[in-house]
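Working through the structure, step by step
Spelled out from the first residue to the last, the chains are:
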Amino acid sequence: MVTLEQVQDLLAAQGYITEKPIVLSLFLSMRLGKPLLIEGPAGVGKTEIAKVMTKALDTDLIRLQCYEGLDANHALYEWNYQQQLLYLKMEEGLEMSLAEREKNIFNEKFLLKRPLLQAITHHKAPVLLIDEIDRADEEFESFLLEVLSDWQITIPEIGTIQATHRPHVIVTSNRVRELSEALRRRCLYLYIDYPDFEKELQIVRSKVPGIDTKLGEQICAFMRELRQLRLDKVPGVAETLDWATALANLHIEHLDKETVESTLGIILKDWQDIRQTQMSLTELFEKTGAISKFDNL
């Protein structure tokens, strides 16, 4: 059994800048065999936790990306009807009973395994990432509860398939809609917010090792103040890293208004947000300058 210290060391070995609540939540999820529901704004590293956990456990990541209209067939399995029809065509002329023909075409070689069935039948315990569950319909959420309870799937033509190794489950939500109490009770809970200045700077230095020291600090200070504006799509850590990587590749050593204005499309994905930021640049530079004391660096 993995220990709390081992979980922390494993995350650190993968370069994930973590905090005690994250380490403890992952440890308890693995120890208790319970799904971990992670909520928070987009781009703060919720999905990254599942990827890091996969590497730390030396297993496979199986991802179910949720969306509106997702149903059980797309999450569980589908029959490969084209292959089945081709097989029936090849069997024409052979003397076989209907039961024999059904047995031949309804077997695993014609079964297209979708993420949930893949996770249940995997040769070792994988990490099952159910990403953005809040985008799926409430009906699918109810169906998911049954799978998480029993870890078995019944296929009428084959029978019941039970998990040989229970997956490690990470469920993420951007809070597009409120999740049911039933799902929340089934999971351990973790909320990840935007990082503070020091943590985001650590992340930037870890993921963009060649970045100029002054530039890294200015970027994180700017992002901190930018998130205080009333934006439609607030940039996350992923956008910070994209911006830092881009500026580092341009050999920029410090932020100036011209550089920021010409690269806003890296961190902001809405034209109204870009326009609002352009109009607030002077104020943003004053605030970030006061916070990080650029003149003294």
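To start, this report covers the structure provided alongside it.

Scoring rules and cut-offs
Here the residue numbers are simple positions, counted from 1 along each chain's written sequence. Side-chain atom pairs in this predicted model are given and counted only at pLDDT of 80 or more, local residue features only at pLDDT of at least 70, and totals for whole chains, interfaces and linings cover all residues. Think of the side-chain values as coming from all heavy atoms in the structure, minus any hydrogens and water. Here an angle of 0 to 180 degrees is reported between the N-to-C directions of two axes, which are lines fitted to C-alpha atoms, with helices fitted over the stretch in contact. The helix count covers DSSP runs of H or I at least four residues long, the strand count covers runs of E at least two residues long, and both are numbered beginning at the N terminus. Orientation is classified from the angle alone, with under 35 degrees giving roughly parallel, over 145 giving roughly antiparallel, 65 to 115 giving roughly perpendicular, and any other angle giving oblique. For any helix crossing, the convention is left-handed if the near helix is rotated counterclockwise from the far helix by under a right angle, and right-handed if that rotation is clockwise. Contacts: residue pairs with any heavy atoms within 4.5 Å of one another. Polarity classes work like this: nonpolar for Ala, Val, Leu, Ile, Met, Phe, Trp, Tyr, Cys and Pro, charged for Asp, Glu, Lys and Arg, and polar for all others, with Gly in that last group. In the analysis that follows, any N or O atom pair within 3.5 Å is treated as a polar contact, provided that within protein one partner can donate a hydrogen and the other can accept it, and provided that, for residues neighboring in sequence, both atoms belong to side chains. For this analysis, a salt bridge means a side-chain nitrogen from Lys or Arg found within 4 Å of a carboxyl oxygen belonging to Asp or Glu. In this scheme, a residue with accessible area under 20% of its type's maximum is buried, one over 50% is exposed, and one in between is partly exposed, where area comes from a 1.4 Å probe on protein chains only. A pair of strands is labelled paired if DSSP reports no fewer than 2 bridges between them. To count as a disulfide, a pair of cysteine sulfur atoms needs to be within 2.5 Å.

This paragraph deals with the packing of helix α1 (residues 4-13) against helix α2 (residues 20-32). Here α1 crosses α2 at 120°, and the two axes come no closer than 9 Å. For the element pair α1 / α2, the angle class is oblique. The crossing of α1 and α2 is right-handed. For the pair α1 and α2, contact is made by Leu4, Val7, Gln8 and Leu11 and by Val23, Leu24, Leu26, Phe27 and Met30, respectively. Its residues assigned to classes, the contact of α1 with α2 shows eight nonpolar, one polar and no charged.

When you line up the elements, glutamine 82 lands in helix α5 (residues 81-90). Taking the C-alpha atoms as reference, glutamine 82 lies 9.3 Å from phenylalanine 110; in sequence the two are 28 residues apart.

Turning to the side chain of asparagine 174, a few remarks are in order. Here asparagine 174 is to be found in the loop between β8 (168-173) and α9 (181-186). In terms of polar contacts, asparagine 174 uses its side chain to reach the side chain of glutamate 132, at 3.0 Å. Other than its neighbours up to four places away in sequence, asparagine 174 contacts Gly40, Pro41, Ala42, Lys46, Glu132, Asp134 and Arg135.

Below, the discussion takes up the pattern of salt bridges. Enumeration over the complete set of coordinates arrives at 13 salt bridges. A salt bridge links glutamate 78 to arginine 114, with the nearest nitrogen and oxygen atoms 2.7 Å apart. Linking glutamate 78 in strand β3 (residues 77-79) with arginine 114 in the loop between β4 (111-113) and α7 (115-121), this pair joins segments that are 36 residues apart in sequence. Glutamate 178 is paired through a salt bridge with arginine 175; the nearest N and O atoms lie 3.6 Å apart. Residue classification places glutamate 178 among the partly exposed residues on the basis of a relative accessible area of 48%. Members of the salt-bridge network, linked through shared partners, are Glu39, Arg175, Glu178 and Arg184.

Before going further, it helps to examine the sheet that holds strand β9 (residues 188-191). What the five strands build is an open sheet, ordered β2-β5-β8-β1-β9; its pairing is parallel. The open sheet is flanked by β2 (61-65) and β9, the only strands paired with a single partner. Across the sheet, the mean angle from the axis of one strand to that of its neighbour is 20°, orientation sign disregarded. Bridge count between β2 and strand β5 (residues 127-131): five bridges; the pairing is parallel. In the sheet register, leucine 61 faces β5, and the bridge partner there is valine 127.

Relative to strand β7 (residues 159-162), strand β6 (residues 152-155) runs antiparallel, the two being bridged by four bridges. Bridge pairing links glutamine 152 to glutamine 162 in β7. Connecting β6 to the antiparallel partner β7 that follows it, the hairpin turn spans three residues.

Secondary-structure assignment places threonine 282 in helix α15 (residues 281-292). Judged by relative accessible area, threonine 282 falls into the partly exposed class, the value being 43%. A polar side-chain atom of threonine 282 sits 2.8 Å from a polar atom in the side chain of lysine 257.

For the rest of this paragraph, the subject is the state of the cysteines. In total, this model carries zero disulfides according to the counting rule given. Cysteine 187 takes part in no disulfide bond, and the closest cysteine sulfur to it belongs to cysteine 66, at a distance of 12 Å.

The subject of this paragraph is unusual backbone geometry. Where the residue is not glycine, phi is negative for most of them; where a peptide bond is considered, it is trans in most cases. In this structure, aspartate 58 takes a positive phi of about 55° despite not being glycine. Of note, aspartate 58 is situated in the loop between α3 (46-57) and β2. At histidine 251, a position not held by glycine, the phi torsion is positive, near 60°. Mapped onto the fold, histidine 251 is located in the loop between α12 (237-249) and α13 (257-267). Using a relative accessible area of 68% as the deciding quantity, one classes histidine 251 as exposed.

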